[in-house]
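So you can see what is in the structure, the chains are spelled out below.
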Protein chains: 2
Amino acid sequence: MEELKIDLGVRSYSVLIGSGILAGAGKILQERGIKGRLLIVTNPTVARYYLKPLQKSLSGAGYDHGVIKIPDGESYKSLRQANRIYDALVAGEYDRKATIVALGGGVIGDLAGFAAATYMRGIGFIQVPTTLLSQVDSSIGGKTAVNHPRGKNMIGAFYQPQLVISDVATFRTLPEREFASGLAEVIKHGIILDENYFRLVSGERENLLSLDPDFLTWVVAGSCVIKARVVEEDEMETGRRAILNFGHTLGHALESVTRYEVYKHGEAIAVGMVAAARIAREHGLLQDKGLPEQLAAVFASFGLPVAVPGLSVQELMAALQVDKKVEYGKLRWVLPRRLGEVVIVDDIPAALVEQVIREMGGAK
Amino acid sequence: MEELKIDLGVRSYSVLIGSGILAGAGKILQERGIKGRLLIVTNPTVARYYLKPLQKSLSGAGYDHGVIKIPDGESYKSLRQANRIYDALVAGEYDRKATIVALGGGVIGDLAGFAAATYMRGIGFIQVPTTLLSQVDSSIGGKTAVNHPRGKNMIGAFYQPQLVISDVATFRTLPEREFASGLAEVIKHGIILDENYFRLVSGERENLLSLDPDFLTWVVAGSCVIKARVVEEDEMETGRRAILNFGHTLGHALESVTRYEVYKHGEAIAVGMVAAARIAREHGLLQDKGLPEQLAAVFASFGLPVAVPGLSVQELMAALQVDKKVEYGKLRWVLPRRLGEVVIVDDIPAALVEQVIREMGGAK
C-alpha cells in the first residue's frame, strides 16, 4: 500500500493506494482516529460489488453507519440529489461530527463532497473512489460540485477530504469504457507536466489493460503526485491550478451540448485535448508540430474518441461561453507547447476555435 | 465613518460603519479595487428604500450590475431561493470574477452569501446590511446558510465577504420590532464578553430609540469588535466561537417549532438567553443569582419577549435534539457565570431544561 500526503496546511490529508484495501477500511479509519457516525453515499451499481465488504469492515471496527444510494449517472449530480443527502442526514440526526463516506466514482465523490462541505457548514468527508478517473482526478484537490442544467460543476465548493482510500482492485468490475475514460486523465497529467510519465503510461498498453495490481498502483500514485503538486501550489485555483483544465474547455462544452448522455468525462476531454493541441498549433504556440496526431493515436489506441462528428459548431461555441473558465468575458484555454508543458492563454480568436471544431468533424 | 478590520489571514476584510454611507457604495468599491460584474440580491421591502440609491452609486462608478429580488421572510432562506440566484447568475452569464452584493437583512445576507460561496465554487461577496441585527451579527464572521425544513441554517458554508458596508441610517426605515430584535444580539455581545458594553447599551435606551447616528455607529462598531475578536480566534467554530451561540440553543428550537413565523430571531434568542441564565442558576453555575431577572427586565424594556407562553415543552425538547449544537449526541449549552463571562457545557440534564421551559410558561 502506497501512502501519499497532500500538503495543504491544516487541510492536509493522506491518499492510500493499493490492491484490495477497501475491505480493510474500518481498521484504516480507526488507526487514523476517525470518530462519530458515518453515512455512506453510493450508487446501486457500485453497491452491488463493494457496499457489503465496506460495511462489514466498518461494522467490524465499531462504526455506526447508514447508507444512501443515488441513481447511477452524471445527470444525478444535481442539487436535487444533494438535497436528498441533506434529508437523510437530518432524518438520521447526523451531527457536526459525522462523516460522509463517498463510495463510487466521480459523480458520487463530487456530490457527496458537496453535501459534506455544506451540511452544517462542513462535516467529515472520506473518499473511497472506485474508478480510475476518480482515483487520479476528483479525489485529489478538494473540488466538490453539482451540475446546473446549463453547465457542469456550476455549484460547488473547495472542500478537502480527511482521507482517500483508493483500491485499484475495483477496476476489475469497471466497464472498459470507464477505464479508458480514466486513462484520458492519467495521460493528461503526463502531457501537462511529465513527459516521462506520459511515455511510460502510453507505452504500457498491455500492462494497463491486464490490470496488473503493482503497475496500476504505480500509475495511480504517479498521477496523484502530479496532481497534488499542482493543487498544493494553488488550492483555490487562482492561477496555476488551471493547467489541470487542459482539454476541459471544449470537453465540458461537449458534455453540455450532449446533455452528459453521449460522452464519458474522459472521452470528452480526450477530444478536448486533441482540439487544444490543434488550436495551439494554429496559434503558433506548439513547438512539436506532430503532437495533435501523436495524442490522437494514443487516445485512439485506448478506444477514446478524437473527433466531434456531426455536432453543431454553433451549439458548441455557445456552450463554451457559459464555462467557468470564462473570466471578464474572455475564454481561457490551456494549450500545450510541448509534451510536459502547457500555457494558459485568453486571446484565442473565436474564428480559430470554430475552424478547429469544424476540422474535427463539427457540422453547421 | 469607522473602519474595522477583521483579521483572518488571506480572508481578511474591512467593515465600514457610518450614517448615510450606502449612497457612496460605488466609490467605496472603486477605491478598494473591486472589479467585474455585480449581482445585487435584495428583497422588495428593502429595495423600495435603498435599491435606487445603491444602483445610482454603482452605475455612477461604472459598475455593470443586475438585480434579483427574493421574497421577504425567513421562510425564503431556502435551497429553492438559492437555486433562483444560481439561475440568475447562469442566465446572466456571470463569471468567476463576478461579485454578489447582498442588500438587506440577515436572510438576504445568509442566502446571498451561500450562493456566492457555492456558485462556481466561490465568487466575490459584499454585504450591505440594512438591519441592526445583520450589521452586528450575520455580516461578521462568514457564516452563510439556508434553512432545511427541519432545522435552521442546516445547509451552509463558512465564506468571508470582501467588504461590509453598514449604514446605520437604514435603521430609520426599520420596524420597531426588527430594531429590538437586533438589540438582543447587541446586548448578547455585552453579556458574553464585555460587562461595560452591556451596561452602556442597556442604560442608553433613549439614545438608542432616537437613532442618534453617532451613538448607533458606536454601538454597531462595539458589537462588531466583540464578535470579530471571537471569530478571529476560531473562524471555523471548532471551539471558542460557540460562545456566540449564547441564547441560540433554545432560541433556534423556538424558531423551529413555530416555523419561523412567530418570533423574530432576536426575540427568540432573548427568550433563549433568559432560559440559559435560569439553567445556569439551577445548575449551580451562576455567580450573580439575580441575572435571569436582570436580563429579563432589560429585554422587556426594549419590548423583547422573555417567556414561552403556551408552547409545547415536548415539541421544544424534540427540536433541541436536531440542533447543530448537538455533538456526539450531547446537547451543548452556552451558559453565563456572570455578566461578561460564559462557559460551554454539555452535561445539562434534560429534566432541568424541561423544568426551566415549564417555569417560563411551556405547556404539556
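Scroll up for the structure.
Residues numbered from 1 in each chain as written. Chains lettered and ligands numbered in written order. Predicted model: local features only at pLDDT ≥ 70, side-chain atom pairs only at ≥ 80, totals over all residues. Heavy atoms only, no water.

1. Let's talk about the sheet that holds strand S1 (residues 2–6) of chain B
In a beta sheet, neighbouring strands are held together by backbone hydrogen bonds and run either parallel or antiparallel to one another.
All names here are of chain B.
Line of reasoning, step 1. Strand order across the open sheet formed by 7 strands is S1-S2-S9-S6-S5-S3-S4, with mixed pairing between neighbours. Looking at which strands have only one partner, the edges of the open sheet turn out to be S1 and strand S4 (65–69). Neighbour-to-neighbour, the strand axes of this sheet turn through a mean angle of 20 degrees, independent of strand direction.
Line of reasoning, step 2. In terms of strand pairing, strand S2 (residues 13–18) meets strand S9 (residues 163–167) through 5 bridges, oriented parallel. Across the sheet, Val-15 pairs through a bridge with Val-164, a residue of S9.
Line of reasoning, step 3. Its contacts with the sheet place helix H4 (residues 106–118) against strand S3 (38–42), strand S5 (99–104) and strand S6 (124–129), and it is angled at close to 170 degrees to S5.
Line of reasoning, step 4. Of the strands in this sheet, S1 and S2 touch helix H9 (residues 213–233), which is tilted by about 10 degrees from S1. (Pairing = 2+ DSSP bridges. Helix = DSSP H or I, 4+ residues; strand = E, 2+ residues; numbered from the N terminus. Axes fitted to C-alpha atoms, helices over the stretch in contact; angles between N-to-C directions. Contact = heavy atoms within 4.5 Å.)

2. Comments concerning the relation of the copies chain B and chain A
Line of reasoning, step 1. Mapping chain B onto chain A calls for a rotation angle of 180 degrees and an axial translation of 0.0 Å; the resulting RMSD is 0.0 Å. Such a combination of rotation and displacement between the chain copies is what one expects of a two-fold axis.
Line of reasoning, step 2. Both copies present the same face, since 100% of the interface residues in chain B are matched by interface residues at the equivalent positions in chain A. (Least-squares fit on C-alpha atoms with pLDDT ≥ 70 in both.)

3. Some points on the interface of chain B and chain A
Line of reasoning, step 1. Tallying the contact residues gives 39 residues for chain B and 39 residues for chain A.
Line of reasoning, step 2. Each partner contributes to the roughly 3,600 Å² buried at the junction of chain B and chain A, and carbon and sulfur atoms together form 59% of this total.
Line of reasoning, step 3. Where chain B meets chain A, there are 2 salt bridges.
Line of reasoning, step 4. Taking the shortest distance from any N to any O, the salt bridge between Glu-237 of chain B and Arg-96 of chain A comes out at 3.5 Å.
Line of reasoning, step 5. Our count for the contact surface shared by chain B and chain A stands at 10 residue pairs in polar contact (both at pLDDT 80 or more).
Line of reasoning, step 6. Those elements giving two or more residues to the side of chain B that touches chain A turn out to be helix H3 (79–91), H4, strand S7 (143–148), strand S8 (151–158) and strand S10 (326–327) of chain B.
Line of reasoning, step 7. Of the residues contributing to the side of chain B that touches chain A, the split by class is 17 nonpolar, 8 polar and 14 charged. (Buried area = accessible area lost by both parts, 1.4 Å probe. Salt bridge = Lys/Arg side-chain N within 4 Å of Asp/Glu carboxyl O. Polar contact = N/O pair within 3.5 Å; in protein donor to acceptor, adjacent residues only side chain to side chain. Nonpolar A, V, L, I, M, F, W, Y, C, P; charged D, E, K, R; others polar.)

4. Brief notes about the nonpolar core
Most often, soluble globular proteins have nonpolar side chains that are buried together.
Line of reasoning, step 1. Core analysis: the largest hydrophobic core is formed by 83 residues, its most contacted members being Ile-191, Phe-299, Trp-333 and Leu-335 of chain A.
Line of reasoning, step 2. Among the elements that make up this core, the one with the highest residue count is helix H11 (residues 265–282) of chain A (11 residues).
Line of reasoning, step 3. If near-sequence neighbours (up to four positions away) are discounted, Phe-299 of chain A is found in contact with Ala-184, Ile-187, Ile-191, Ala-270, Met-273, Val-274, Leu-304 and Val-306 of chain A.
Line of reasoning, step 4. Core analysis: the next-biggest nonpolar cluster, separate from the first, contains 82 residues, Phe-246, Ala-268, Val-308 and Val-342 of chain B among them. (Core = buried A, V, L, I, M, F, W, Y, C linked by side-chain atoms within 4.5 Å. Buried < 20%, exposed > 50% of the residue type's maximum accessible area, 1.4 Å probe, protein only.)

5. Thoughts on the packing of helix H6 (residues 176–193) of chain B against helix H12 (residues 291–301) of chain B
Residues and elements named next belong to chain B.
Line of reasoning, step 1. Put simply, H6 and H12 touch, their axes get as near as 11 Å, and they point 155 degrees apart. As judged from the angle between their axes, H6 and H12 are roughly antiparallel. Here the hand of the crossing between H6 and H12 comes out right-handed. Between H6 and H12, the contacting residues are Ala-184, Ile-187 and Ile-191 on the first element and Leu-295, Val-298 and Phe-299 on the second.
Line of reasoning, step 2. When its residues are assigned to classes, the contact of H6 with H12 shows 6 nonpolar, no polar and no charged. (Parallel < 35°, antiparallel > 145°, perpendicular 65-115°, else oblique. Left-handed = near helix turned anticlockwise from the far one by under 90°.)

6. Focus on the pattern of salt bridges
Line of reasoning, step 1. Taken as a whole and judged by the stated rule, the model has 44 salt bridges over all chains.
Line of reasoning, step 2. For Arg-11 of chain A, the salt bridge is made with Glu-235 of chain A, and the minimal N-O distance between the two is 2.6 Å. A residue pair is termed long-range when its members are at least 10 positions apart, and Arg-11 of chain A in the loop between strand S1 (2–6) and strand S2 (13–18) and Glu-235 of chain A in the loop between helix H9 (213–233) and helix H10 (248–257) qualify at 224 residues.
Line of reasoning, step 3. Assessed through its relative accessible area of 12%, Glu-235 of chain A is described here as buried.
Line of reasoning, step 4. In this structure, Glu-3 of chain B and Arg-32 of chain B form a salt bridge, with 3.0 Å as the shortest nitrogen-oxygen distance. Of the two residues, Glu-3 of chain B sits in strand S1 while Arg-32 of chain B sits in the loop between helix H1 (25–31) and S3, which places them 29 residues apart along the sequence.
Line of reasoning, step 5. The class of Glu-3 of chain B is partly exposed, set by a relative accessible area of 39%.
Line of reasoning, step 6. Arg-32 of chain B sits in the partly exposed class, given a relative accessible area of 34%.

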